[in-house]
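Chain and residue survey
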Amino acid sequence: MGVDNRGVLVLFGSQTGTAQDVAEKIGREAKRRHFLPRVMALDNYNVADLIQENLTVFVCSTTGQGDPPDNMMKFWKFIMRKNLPKDSLCQLSHAVLGLGDSSYPKFNFVGKKLHRRLEQLGSSGLVNIGLADDQHDLGADAVVYPWMEGLFTRLLSLYPLPPGLDIVPADVRPPARFRVQFLTENGENQASENSEHDQSHPDVPGWFPGQPFPARLLANERVTAGDHFQDTRLIRLNISGSDISYEPGDVACVCPQNTADTVNDFISYMNLDANKKFILSSVDEGTSAPKLPQPCTVHYLVQNYLDINCVPRRSFFEMMLYFADDELEKDKLQEFCSAEGQEELFSYCNRVRRTLLEVLHDFPKTSPNIPFQYLFDMIPVLQPRSFSIASSIKAHPGEIHLLVAVVKYKTRIQAPRQGVCSTWLASLDPSCGPTVPLWVKKGTIKFPCDAQMPVVMVGPGTGVAPFRSFIEERVADKIKENTLFFGCRYKAKDFYFENQWNNYVHENQMTLYTAFSRDNEDADRYYVQHAIKDAGKDICDPLLAGAFFFVAGNSKNMPEAVREAVKDVLITHGHMDREQADTYIQTMDRQKRYQAETWS
């Protein structure tokens, strides 16, 4: 393979940006070895062209309950088609790196299934599939970097370097992927008419990533007591005129903004001009330019595009090292980039959730050296956040409601850690007329089509959001077979939608069971799983008669504890032994009568 035909395709499916970051790292490492990489999202690639590829690397995360990321959905549906010829990819050699979290039941499901499917279609694997795990003591990188090393060892054994060429040393800075052209005062005036997004008139019908609908904020109500540690908001948004329609179980994807204080800090610290306008273009043909206004202001870029509050990955420090002149800072960055320094890096960054902006402040001699065009290579894209819709369009025409717990917690770092999206949403004042860019997608919960089917729902905390949507829909249709288990800490402080539930109970439209874990400090804590056991006699017959059972909430301990509680109900009141109860719940799983939507 000569230098002109050392092409390698790197495709990624990424929900939070990690898989994209890894794919771009693979692309940089491929260039060092004189391969010609093309790096792109799976859904930006014409999958029909795969039959003409020789080398393809797939980097895929697994989301939700074993689902592919949004930007590989079209590819996934195509590659899983049953009518594809078994030898259609016989000329392809592939490598698959999966990114997952072993605290979820379907760990790395997408990567595993894709690897099997490629082999079924005749492709041959270059190396064993890599299964990275966020739960590892050193995070996903504990697998990613050794796997990459094995991949390139294999590639160079198959395609040795052309005569006269050596691997580019790791300390040689790669070129920036994008070209930046700053506009002069005259250029600014000529181009200023097109400098803002006009989202009210889409280029193509519909609302989706890259073209969200600007939903006007109607209300931003705190629904927890003022003295409660958790600030939770009910966000009401106006979607009138958007043609957006949604069903219970659907999800709203919100495009957040960085808070004003962090935006101003970044711009000031990096010596940037907030009002300066620039035009961005790709250096390589195989790289797509980011979807930004053309021209774009520096302020818009930092506020809406750069994830300056993320916890930086190892690749950030590797790129930062290229610009280090100060010996002390250079030594520390070299340690963070070495295999031996990964425990130190994890303690410095991940364990305390140190933000990228804070890291820049910790390296004051290096940060000012970073050229503007390299910000696009170093800083991830600010990703949309997904929220289960907490309203029914039948009960609230023209509106979407979100139940948002504001993320704020302490680590060893003095300043509290804050969630970007939840903090931004909580800060919005409806009287100022702000809009929230969003679109709607299908969630992982699929409610039954049979309107008369009894439904049991378990939604502690903000996990109750999709069930409010479903119950409101059923009440609007005058369906009464609704059972909800709700749990929180205190009845008086974080009992979401208490008045609404009580009204429904009074009108005989639902059955409600509650668990307030901290109301009686002298007793053992009482959670939803305990309430399920106590109500076992009431829910066992519906479960045996075909009722649907749904769980939503934090993935830490609750979902498994609820599953065990249901098992106990079947044993105690359904007269089953443990094996029979296990088998019955597995049957419910297969029939989609037992569904869980959980998050960490």
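Residues numbered from 1 in each chain as written. Predicted model: local features only at pLDDT ≥ 70, side-chain atom pairs only at ≥ 80, totals over all residues. Heavy atoms only, no water.

1. Comments concerning helix α9 (residues 327–337)
Here is the rule we go by: Here's how the labels work: a residue is buried when its accessible area is under 20% of the maximum for its type, exposed when over 50%, partly exposed in between, all with a 1.4 Å probe on protein chains only. In DSSP terms, a helix is any run of H or I states spanning at least four residues, a strand is any run of E spanning at least two, and both are numbered starting from the N terminus. What the arc describes is the spread of directions from the helix axis to the C-beta atoms. Any two residues whose heavy atoms approach within 4.5 Å at even a single point are treated as in contact. Distance and chemistry together define a polar contact, namely a pair of N or O atoms within 3.5 Å, with one atom able to donate a hydrogen and the other to accept it when in protein, and with adjacent residues in sequence counting only for side-chain atoms on both sides.
Glu 329, Leu 333, Phe 336 and Cys 337 are the residues of α9 that are buried. All buried residues of α9 fall inside an arc of 95 degrees around its axis, so they share one side. Turned more than 90 degrees from where α9 packs its buried face, Glu 327 and Leu 328 sit exposed. Of the surrounding secondary structure, the elements contacted by the buried residues of α9 are α8 (314–321), α10 (342–348) and α11 (356–362). One side-chain oxygen at the N-terminal end of α9 lies 3.2 Å from the backbone nitrogen of Leu 328; it belongs to Asp 326.

2. Considerations on the sheet that holds strand β20 (residues 511–516)
Hydrogen bonds between backbone groups are what pair the strands of a sheet, and the pairing can be parallel or antiparallel. Just so we agree on the cut-off: Paired strands, as defined in this entry, are two strands with at least two bridges between them according to DSSP. Here an angle of 0 to 180 degrees is reported between the N-to-C directions of two axes, which are lines fitted to C-alpha atoms, with helices fitted over the stretch in contact.
With respect to topology, five strands assemble into an open sheet ordered β20-β19-β18-β21-β22, the strand pairing being parallel. For this open sheet the edge positions go to β20 and β22 (594–599), each flanked by a neighbour on one side alone. Taken pair by pair, the neighbouring strands of this sheet meet at an average axis angle of 10 degrees, ignoring direction. With six bridges joining them, strand β19 (residues 482–488) and β20 adopt parallel strand pairing.

3. Focus on the nonpolar core
Note the following rule: Put simply, buried Ala, Val, Leu, Ile, Met, Phe, Trp, Tyr and Cys residues joined by side-chain atoms within 4.5 Å make one nonpolar core.
One finds Phe 266 and Phe 317 to be the most contacted residues of the largest nonpolar core, which totals 44 residues. Listing elements by their share of this core, those giving two or more residues are α6 (260–269), β11 (277–282), α7 (298–304), α8, α9, α10, α11 and α12 (375–378). Non-local contacts of Phe 266, meaning those with residues more than four positions away in its chain, are made with Leu 272, Val 302, Leu 306, Ile 308, Leu 357, Leu 360, Leu 375 and Ile 379. Listed in part, the 28 residues of the second largest apolar core include Phe 12, Phe 35, Tyr 145 and Leu 155.

4. Overview of the confidence of the model for the chain
To be explicit about the condition: For every residue, the predictor assigns a confidence score, pLDDT, that lies between 0 and 100.
For the chain, the mean per-residue pLDDT works out to 92, and 96% of the residues sit at or above 70. In the model, residues 188–203 has pLDDT below 50 throughout and makes 24 contacts with residues more than four positions away in sequence or in other chains.

5. Some words on the pairing of strand β3 (residues 55–61)
Heads up, the condition is: Think of it like this: strands point away, you trace from the first strand over the helix to the second, and a clockwise trace means the crossover is right-handed.
Burial analysis of β3 places seven of its seven residues in the buried class, the great majority of the element. Where burial is concerned, the two faces of β3 agree: the one with Leu 55, Val 57, Val 59 and Ser 61 and the one with Thr 56, Phe 58 and Cys 60 are both buried. As defined by bridge partners, strand β1 (residues 7–13) adjoins β3 across five bridges and the pair is classed as parallel. Considered in β3, the bridge of Leu 9 is made with Thr 56. Where β3 lies against strand β4 (residues 93–100), seven bridges are found, and the strand directions are parallel. Looking at the pairing, Thr 56 lines up with His 94 of β4. Since β3 and β4 lie parallel, the crossover through helix α2 (residues 73–79) that links them has a hand, and here it is right-handed.

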